[in-house]
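# Structural description and commentary
Listed below are the residues making up each chain.
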Amino acid sequence: MVYQPDLTTLGFVLSRDRQSVLMVHRIARESDEQLGKWNGLGGKVEPGEDVWSGLARELREEAGIKATSMQLRGTVSWPGFHSDGGDVFGMIFIVDEYEGQPDAASEEGPLEWKKISEIPNLPMFEGDKYFVPLVFDPEVSSFHLVIPYEFGEPTGWSGHIERIGD
């Protein structure tokens, strides 16, 4: 089987006080395969873009902000993620500096600041529960995971988590 994933970015924009994250509640389009879920911001990397520029473009389009600093936290491969069985490979970032005031909504749905401690309790993809806590864990320097999906559900996870001091 050939692995030809969509290359994507996912950014978690920190509030100025570093206590909250800008999240999108994907409720605007009935055809959205992420309908009803909460997520960070991001999307597909376009031809000719590097991943930093791709996420910066997505943040401008989705939230009306200009990223000025972001840190790569890790990567996730999602084989079989799409409803048609297509694969996704994501570069996961913390966006720790930006210019502008975030918009109230994007074309996917409303944007809201959520406390970092609240994020695990939001409706999200089951597979997100494997990696989202790692994004905010100060003891984790990076992570590289595989979270296979079948019929819209994760079948587990594997990969490498680099901890500070390892």
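See above for the structure.
Below is a summary of the structure that appears in this document. Owing to the predicted nature of the structure, the values given are computational and were not obtained by experimental measurement.

With that settled, the discussion passes to helix α1 (residues 51–63). Look at α1: 18 Å from first C-alpha to last across 13 residues, which is about the 18 Å you get at 1.5 Å a residue. When α1 is considered as a whole, its buried residues turn out to be Val51, Gly54, Leu55, Ala56, Arg57, Glu58, Leu59, Glu62 and Ala63. The N-terminus of α1 is capped by Asp50, whose side-chain oxygen sits 3.0 Å from the backbone nitrogen of Trp52. Looking one or two places after α1, you find Gly64, whose phi comes out positive at around 70°.

Attention shifts here to the environment of Met23. Note that Met23 resides in strand β2 (residues 20–25). Non-local contacts of Met23, meaning those with residues more than four positions away in its chain, are made with Phe12, Trp38, Asn39, Gly40, Pro110, Leu111, Glu112, Lys114, Ile119 and Leu122.

A few words now on the side chain of Ser77. In this structure, Ser77 sits in strand β5 (residues 66–78). Side chain to side chain, Ser77 and Tyr3 meet in a polar contact 2.4 Å long. Setting aside residues up to four positions removed in sequence, Ser77 forms contacts with Tyr3, Val88, Phe89, Leu145, Val146 and Ile147.

The next subject is the environment of Asp6. Structurally, Asp6 is set in strand β1 (residues 6–14). On the accessibility criterion, Asp6 (24% relative accessible area) is partly exposed. Distance in space between the C-alpha atoms of Asp6 and Asp87 is 6.3 Å, their sequence separation being 81 residues. Those residues within four positions of Asp6 in sequence are excluded, and the remaining contacts are Lys44, His82, Asp87, Val88 and Phe89.

Reading the values: the criteria
- Residues numbered from 1 in each chain as written.
- Predicted model: local features only at pLDDT ≥ 70, side-chain atom pairs only at ≥ 80, totals over all residues.
- Heavy atoms only, no water.
- Helix = DSSP H or I, 4+ residues; strand = E, 2+ residues; numbered from the N terminus.
- Expected span 1.5 Å × (residues − 1).
- Buried < 20%, exposed > 50% of the residue type's maximum accessible area, 1.4 Å probe, protein only.
- Polar contact = N/O pair within 3.5 Å; in protein donor to acceptor, adjacent residues only side chain to side chain.
- Contact = heavy atoms within 4.5 Å.

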